[in-house]
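Tertiary structure, described
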Amino acid sequence: MKPLTNYSWLPADIRAFIDKTLAAYPADAVEASIAQQRDYYNAMCAEFDQPHPAGLTAEDVRIAGVSCRRYTPLVARPGVTGIYFHGGGFVVGGLESHDAIVAELAEQAQLVMIAVDYRLVPEHIHPAAYDDCLAVVDAVKGPKVLAGDSAGGTLAASVSAARPGDVAGQVLIYPGLGGDKSMPSFTRHAHAPMLTAAECEFYETVRYGGTVPVGDVTARPMDAEEYGDLPPTAIFTAEADPLASSGVEYAARLAEAGVAVSLVEEPGMVHGYLRARHMAKGARESFTRIAKELRALAGQAVEG
């Protein structure tokens, strides 16, 4: 499959989002030092920051020794908790980068949400981030639904695989789940704006400090041998994203194993489009769908 190099067909509002992103986070950011990458990323996320919804409260807490932030909307479904793992290639991001995203998800889903500030690489290579996320999930009692974008989606899927029966549902947003690099999107969208195939490989290599593990579900969810124990799942992929095919393949494996799964391939979207929800129609509509799925899974967790 021939790689695309021209993305002028993307919606105008998404192209504007890409331009605004690149103004703060250069396309060659992965070539900078880790400290500089984090400065770029934090500045970029600040450009898209939004105030919290009225009536929502946010509290910084430590859960199982991990820094977290709990979001409680004015109206929240009792008896169930959402746990969110942020994206950022395991290298960048934290409580501030995704603060408004988690706050708005909590509000729209009417769900108490906990954002997890897991340890980052290269200071803390795998499985540090996974260990932190698993520890928080284990410490939060009662039904819980996991959610995450990009690297956070990877972590959510890995934790769900480790805790069959304990996780009531998962929402994975443009996740990296493993699989063969010859998959269609990885080839076709190798030069996509916002995330390239080369950047995917950089993040994967730095996560492990070298050799990528094989057969390790804590690292690559699609290395699992069985999928039947996984919880009901909602997956959202972006059309112009090298990671899209991993979401499609993962959904197919869940369906074949009899797991309730929904897959939405968002047309005209790019990796990281959650930040575009206040400036791009497609991103806004997808965010609403994501919150709706989160709310539905939370409802099923309580009723079940």
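Going by the structure above, here's the rest.
Residues numbered from 1 in each chain as written. Predicted model: local features only at pLDDT ≥ 70, side-chain atom pairs only at ≥ 80, totals over all residues. Heavy atoms only, no water.

In terms of regular secondary structure, the chain is built from 9 helices and 8 strands. By the compact-globule yardstick of 19 Å for 304 residues, the chain fits well, its C-alpha radius of gyration being 18 Å. Structurally, the chain occupies a C-alpha span of about 50 × 45 × 35 Å along its principal axes. The buried share of the chain, reckoned over its 304 residues, is 55%. For the chain, the computed accessible surface area is about 12100 Å², with 52% contributed by carbon and sulfur atoms. When the 24 basic and 38 acidic side-chain charges of the chain are each reduced to a single mean position, those positions are 4 Å apart. (Helix = DSSP H or I, 4+ residues; strand = E, 2+ residues; numbered from the N terminus. Rg over C-alpha atoms; globule rule 2.2 N^0.38 Å. Buried < 20%, exposed > 50% of the residue type's maximum accessible area, 1.4 Å probe, protein only. Areas by Shrake-Rupley, 256 points an atom, 1.4 Å probe, with all protein chains shown as cover. Lys, Arg positive; Asp, Glu negative; His and termini not counted. Charge placed at Lys NZ, Arg CZ, Asp CG, Glu CD.)

Between helix α3 (residues 99–109) and helix α9 (residues 281–303), whose axes approach to 8 Å, the crossing angle comes to 60°. The angle between the axes of α3 and α9 places the two elements in the oblique class. The element α3 and its partner α9 pack so that their crossing is right-handed. Across from Ile-101, Glu-104, Leu-105, Gln-108 and Ala-109 in α3, the residues of α9 making contact are Phe-287, Thr-288, Ile-290, Ala-291, Leu-294 and Arg-295. When grouped by side-chain class, the residues that make up the contact of α3 with α9 number 7 nonpolar, 2 polar and 2 charged. (Axes fitted to C-alpha atoms, helices over the stretch in contact; angles between N-to-C directions. Parallel < 35°, antiparallel > 145°, perpendicular 65-115°, else oblique. Left-handed = near helix turned anticlockwise from the far one by under 90°. Contact = heavy atoms within 4.5 Å. Nonpolar A, V, L, I, M, F, W, Y, C, P; charged D, E, K, R; others polar.)

Below, the discussion takes up the sheet that holds strand β4 (residues 112–116). Taken together, the 8 strands give an open sheet; going across it, the order is β1-β2-β4-β3-β5-β6-β7-β8, and neighbouring strands pair in mixed fashion. Edge positions in the sheet fall to β1 (57–63) and β8 (261–270), since each has one partner strand and no second. Neighbour-to-neighbour, the strand axes of this sheet turn through a mean angle of 20°, independent of strand direction. By the bridge criterion, 5 bridges tie strand β3 (residues 81–85) to strand β5 (residues 144–149) in an arrangement that is parallel. Along β5, the bridge assignment pairs Tyr-84 with Ala-147. (Pairing = 2+ DSSP bridges.)

Here the focus is empty space enclosed by the protein. Going through the model one piece at a time under the given rule, you end up with 1 cavity of 30 Å³ or more. In this model, the largest cavity occupies a volume close to 40 Å³. In terms of lining residues, the largest cavity is bounded by Tyr-84, His-86, Gly-94, Leu-95, His-98, Val-102, Ala-115 and Val-116. Here the lining of the largest cavity is composed, by residue class, of 5 nonpolar, 3 polar and no charged. (1 Å grid on protein atoms, 1.4 Å probe; cavity = no way out; pocket = protein on both sides within 12 Å on 5 of 7 lines; lining within 4 Å. Points joined across faces, edges and corners; volume = space filled by probe spheres on them.)

Geometry only, nothing functional implied.
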